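An overview of the molecular structure
Take a look at the letters that make up each chain.
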Amino acid sequence: MIDLIEVFERAEIGPLTSETDYYMKRFVPKLTELIARHAIKWDKQTLVNSDDDLTDRVFQAAVDLLAEAGAYCPETNRVMEFTREEILLACAECPREATFGEGRERKVMRGRRPDTTDDRPWVHVGGGIYTTDEQVFVDTVEKMASFSIVDSVSVPSILHLRGKDARVRSPQEVLSACKTVRLAREGIRRSGRAGLPIINGISAASQPASMFAASYPDFGLRPSDGFLIDFLSELVVGYEALQKVAFYNSLSANIGSTSTPLFGGYAGGAEGVAVVATCYMIMGNLIFRGSYHYNAPLHSKLHLSSTRPLIWAIAMSNAAIGRNMGYPMVNLPYLGGGSGTKQYHYEMACYMLAVVTSGGNVFSGHPAMAVQSDSLVPDDHKFHAEMGLAAAKLTRAEAEPLAQKLYPLFGDKLKDPDKGLTFQEVYDARTKRIVNDDYLKVIDDVRTELGELGLEVPVS
Amino acid sequence: MGHEELFEQLKQAIIAQDEDAVLAGVDAALAAGVEPKTIIDQGLLPGLNVIGEQFECEDIFLPELMQAALAFQAAMAVLEPKIKESGNAGPKKGKIVLGTVKGDLHSIGKNILKLLFETSGFEVWDLGIDVDLFKFVDKAKEVDADIIAMSALLTTTLVGQRDVIEALKGQGTRERYKVIIGGGATTQGWADSIGADGWAGSAYEAINLATRLVS
């Protein structure tokens, strides 16, 4: 694989072009052409694809996209070009596993192939949802870490200091990031699993200075945690991201290459998102030197990932990488329904059926309305992890009819999703026990319904 | 070929995002003696309306929208000088200064909005991403804008929208402009709390909002 300094230099020697020209003269026409060249077509119905030939064509299109359009560095206004040989060599040499955590919590996340039914996927829970209060933050983390099936956590965000929000690039952002990390580790220690890894301790949206400061070992993060570095717009590789790449590679820390291809944006529809999401995973390994990929495609208007075309595209990108590369992947599900609602659980079950059978690891759902503070309810995430483990016992062909039965239960509600609950509405503040019987009944009911549909979800 | 047929060809060329066909259609219409403004109103804009509807229904996406807009802009590059020559230049709907606020590097939503504003008849000054607050203020003053439109995707950058309004107040020019906001992190509640004139949850809502505010 070409070395990292060489990768950085590609941002300084490629052809000069404006961002608009990059998109309109390179990216968009090339993506359109590749979708036609490789005959990539979604039938507007399938949720879980099991056509391996189509899957492999998506992978080839993703390789071709990077080879023929290149990536774009806005700071230098240059296209970062890579040859097909360099890309394929990087794919061949990509990590197939990543080791996270310390002590007895030290475990290995593996890249999975589609239709693997005899392994136990990595189980990751949580999400970067805002919390109003430090106590709620610590309680949320402690609760999630206490579930024995959990292998790693994403922690909420706590962006304010002395009651005020920290603005981006401010000194307060640095202090908030350090505080978030300290409190997250404290919550994890309280669960009795101090070595459990955090794989998004610091928001990918944070400036490099905040991420680097919060990575200071005294605050509680370690190279065996995960550090998210994201792409900006489609195939755009900014200097801030490359600064993070330089730093975390120097620490030999686990980098989670992160991407959010937008359905309806430059990638276009389902076919384009499938190709671009796959391309990002290739770039995550080649450019960011990731240990794993954090795949988060999103609908540009609805800000969620559980629409029919997106579920197909996300599953497809997992299968394309799983079959052709083996890079470990988690997928962040942005779901329309609020925490604790039936809609939220149906969406999650459908997403898990598609993504986990296609080669993804298990990652619990994130209510799309992340701006609703304190809406991370840990027992939802335990239930979702259980769904993921149940889905892992199925093949894609077995999952498809189940997903088709589930989709009508929420598809029409995505534009006006059910509102959900907050941490405080579910748990007792002192004992941390569930005190909302209705909340438990919804989980019990959905678990029964899923069993009746054919997806048995055992209680862990 | 009758004028109606020419207009239909232009409309279809825009829908097909075919710049060459659009330019050929414009040439044919001019050769047939059609007024440039009529070409826009009866040929190009009906095509853009269809493109807009297709974009809203997710039949097409940003790349097709941009191609159609570029074809439209190419046609306008031919037609606008002729309109000016004839002295029949009608006023634009309004002048908009647009950008993503300081600290925010996200551009896609803002780019969509720029295209839609332009094809809806507004004159747009796109300041780009990560825009210093006084750039909004200074550009609005320089071009005598009607509207300042600001996008923010991140919660940590929202305050940039508030700061622009505060700067306008500080300079005593707040009432000269309508200020509208949008972006993933924004809500109507946020818009109300900072004293914005409007909030839009989508690009099309923003077009309607801007049109309402300048009418």
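What comes next concerns the included structure. What you see is a predicted model; the values in this text were computed from it and never measured. (Residues numbered from 1 in each chain as written. Chains lettered and ligands numbered in written order. Predicted model: local features only at pLDDT ≥ 70, side-chain atom pairs only at ≥ 80, totals over all residues. Heavy atoms only, no water.)

1. Considerations on the pairing of strand 3 (residues 97–100) of chain A
Regular strands have side chains that alternate between both faces of the sheet. Residue and element names in this part refer to chain A. Our working definition: The classification of residues rests on relative accessible area computed with a 1.4 Å probe and restricted to protein chains. Under 20% of the type maximum is buried, over 50% is exposed, and intermediate values are partly exposed. Only DSSP runs of H or I covering at least 4 residues are called helices, and only runs of E covering at least 2 are called strands; the numbering of each starts at the N terminus. By the convention used here, strands pair only if DSSP detects at least 2 bridges between them.
Side chains Ala98 and Phe100 project from strand 3 onto a buried face, and the interleaved Glu97 and Thr99 project onto a face without burial. In the sheet, strand 3 pairs with strand 4 (residues 107–110) via 4 bridges, with the strands oriented antiparallel. Considered in strand 4, the bridge of Phe100 is made with Lys107.

2. A word on the layout of surface pockets
Residues and elements named next belong to chain B. Going by this rule: Site definitions follow a grid-based scheme: protein atoms alone, a 1 Å grid, a 1.4 Å probe that fits but cannot get out for cavities, and for pockets an open set with protein on both sides within 12 Å along at least five of seven lines, plus lining residues having an atom within 4 Å of a point. Grid points are joined across faces, edges and corners, and a volume is the space filled by probe spheres set on the points. In the scheme used here, Gly and all other residues not listed as nonpolar or charged are polar, with Ala, Val, Leu, Ile, Met, Phe, Trp, Tyr, Cys and Pro taken as nonpolar and Asp, Glu, Lys and Arg as charged. Residue ranges labeled as domains rest on an automatic or database domain assignment.
Taken as a whole, the second largest pocket spans an internal volume of roughly 840 Å³. Taken together, 33 residues make up the lining of the second largest pocket; nearest its centre are Phe72, Met76, Lys92, Glu118 and Gly121. Listed by contribution, the elements that provide at least two residues to the lining of the second largest pocket are helix 3 (36–56), helix 4 (62–86), helix 5 (108–119) and helix 9 (203–214). Looking at the lining of the second largest pocket residue by residue, the classes come out as 17 nonpolar, 8 polar and 8 charged. Composition of the lining of the second largest pocket by domain shows at least three residues from each of domain 1 (3–86) and domain 2 (94–214).

3. Comments concerning empty space enclosed by the protein
One pass over the full model with this rule turns up 2 cavities of 30 Å³ or more. Empty space within the largest cavity amounts to approximately 40 Å³. A:Phe263, A:Gly264, A:His299, A:Ser300, A:Lys301, B:Phe55, B:Glu58, B:Ile60 and B:Phe61 are the residues that line the largest cavity. Of the residues that constitute the lining of the largest cavity, the class distribution is 4 nonpolar, 3 polar and 2 charged. Lining the second largest cavity, in full, are A:Ile129, A:Tyr130, A:Thr131, A:Val136, A:Thr140, A:Pro156, A:Asp374, A:Ser375, A:Leu376 and A:Phe423. Considered class by class, the residues forming the lining of the second largest cavity number 6 nonpolar, 3 polar and 1 charged.

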